[in-house]
Amino acid sequence: MNETLKNINARYTCRDFKDTPVSQEQLDELVKAALSSPSAMNLQPWHVVFVTDKAIVDELDKEGIDILSTAEDKSTYERMMERGGKLFYNAPCLAVVLSDGTKWGTLDSGILCQNLVLAAESMGLGTCIVGMAGIPLGGPNADEYAKRLNFPKDHSFAIGVLVGEINSGKEPHEHDLNKVSFIG
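Computed from a predicted model, the values in this text were never measured in an experiment.

**What to know about the overall build of the protein chain**
Secondary structure assignment for the protein chain yields seven helices and four strands. When its helices and strands are written in sequence order, the protein chain yields α-α-β-α-α-β-α-β-α-α-β. Oriented by its inertia axes, the alpha-carbon framework of the protein chain measures out at about 50 × 40 × 40 Å. Taken across its 184 residues, the protein chain has 38% of its residues classed as buried. Sequence-distant contacts in the protein chain: of pairs separated by 6 or more residues, those separated by 24 or more amount to 84%. Only carbon and sulfur atoms are counted for the fraction: they give 51% of the accessible area of the protein chain, which is about 10,600 Å². Side chains of the protein chain give 17 positive and 26 negative charges; the mean places of these two sets differ by 1 Å.

Written as structure tokens, this is what we have:
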């Protein structure tokens, strides 16, 4: 099996990161991989903000948990509390992927995330794709965070990716072949 397929099959959602910062060299490689992503008509409708200031990541984490704690439906809050009370699992880096809102922006941002997580896997880093980063980034302080994180005015949150050294790991999920059909 080639290295690409090994990385695809080995990658899993990491929910336990070490405090170790992601190095600038690692970040540079992740940026290259992310920006190498294909997009519809090569419009590249994304902007990525790599948040490596742990205080900001922790602040966003707390904001998200606080918002979840006041939601009418407490199921997500309870699930997160069972997992240690963290949205971002102590990750030292949060890549915030923004979309320009065009027709294919969200889809293309997802493709970028896949490149990013597979590159991280190939570098021995853990990742977790986190839509829940949209909770604090879309909450009551959304405008403040957009300003602090220097979001371009015409872009909004699409998806987030946590990146860091793995503290404890697990096996990737098993393949469910019932999710596949063949015609022809």
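**Some remarks on the side chain of Ser109**
The residue Ser109 is located in helix 5 (residues 105–122) in this model. Relative accessible area serves as the criterion here: at 0%, Ser109 is assigned to the buried category. A distance of 2.8 Å separates a polar side-chain atom of Ser109 from the backbone oxygen of Gly105. The residues contacting Ser109, other than those within four sequence positions of it, are Trp46, Val97, Leu98, Ser99, Ala158 and Ile159.

**Describing a negative patch on the surface**
Residues Glu72, Asp73, Glu78 and Glu82 make up a contiguous surface patch of negative charge. You can call Asp73 exposed: its relative accessible area is 54%.

**Re helix 5**
Helix length check: helix 5, at 18 residues, gives a terminal C-alpha distance of 26 Å against a target of 26 Å (1.5 Å per residue), a fit within 8%. Buried residues belonging to helix 5 abut helix 1 (3–10), helix 2 (24–35), strand 1 (46–51), strand 2 (93–99), strand 3 (126–130) and strand 4 (156–164). Phi turns positive one or two residues past the end of helix 5, at Gly124, with a value near 80 degrees.

**Thoughts on the packing of helix 2 against helix 5**
Relative to each other, helix 2 and helix 5 sit at 145 degrees, their axes nearing to 8 Å. As helix 2 runs across helix 5, the sense of the crossing is right-handed. Contacts between helix 2 and helix 5 involve Leu30, Ala33 and Ala34 from the former and Leu112, Asn115, Leu116, Ala119 and Ala120 from the latter. Taken together, the residues of the contact of helix 2 with helix 5 sort by class into seven nonpolar, one polar and no charged.

**A short note on the environment of Leu112**
Mapped onto the elements of the fold, Leu112 is located in helix 5. On the basis of relative accessibility, which here comes to 0%, the residue Leu112 falls in the buried class. Measuring from C-alpha to C-alpha, the distance between Leu112 and Ser37 comes to 5.2 Å, with 75 residues separating the pair along the chain. If near-sequence neighbours (up to four positions away) are discounted, Leu112 is found in contact with Ala34, Ser37, Trp46, Val48 and Val97.

**Side note on the environment of Val117**
As for its placement among the helices and strands, Val117 is situated in helix 5. For the pair Val117 and Asn90, spaced 27 residues apart in the sequence, the C-alpha separation amounts to 17 Å. If we skip the residues at most four places from it in the chain, Val117 touches Arg11, Thr127, Ile129 and Val161.

Rules and cut-offs
- Residues numbered from 1 in each chain as written.
- Predicted model: local features only at pLDDT ≥ 70, side-chain atom pairs only at ≥ 80, totals over all residues.
- Heavy atoms only, no water.
- Helix = DSSP H or I, 4+ residues; strand = E, 2+ residues; numbered from the N terminus.
- Buried < 20%, exposed > 50% of the residue type's maximum accessible area, 1.4 Å probe, protein only.
- Contact = heavy atoms within 4.5 Å.
- Areas by Shrake-Rupley, 256 points an atom, 1.4 Å probe, with all protein chains shown as cover.
- Lys, Arg positive; Asp, Glu negative; His and termini not counted.
- Charge placed at Lys NZ, Arg CZ, Asp CG, Glu CD.
- Polar contact = N/O pair within 3.5 Å; in protein donor to acceptor, adjacent residues only side chain to side chain.
- Patch = residues over 30% accessible without salt bridge, like charges linked within 9 Å, V, L, I, M, F, W, Y side chains within 5 Å.
- Salt bridge = Lys/Arg side-chain N within 4 Å of Asp/Glu carboxyl O.
- Expected span 1.5 Å × (residues − 1).
- Axes fitted to C-alpha atoms, helices over the stretch in contact; angles between N-to-C directions.
- Left-handed = near helix turned anticlockwise from the far one by under 90°.
- Nonpolar A, V, L, I, M, F, W, Y, C, P; charged D, E, K, R; others polar.

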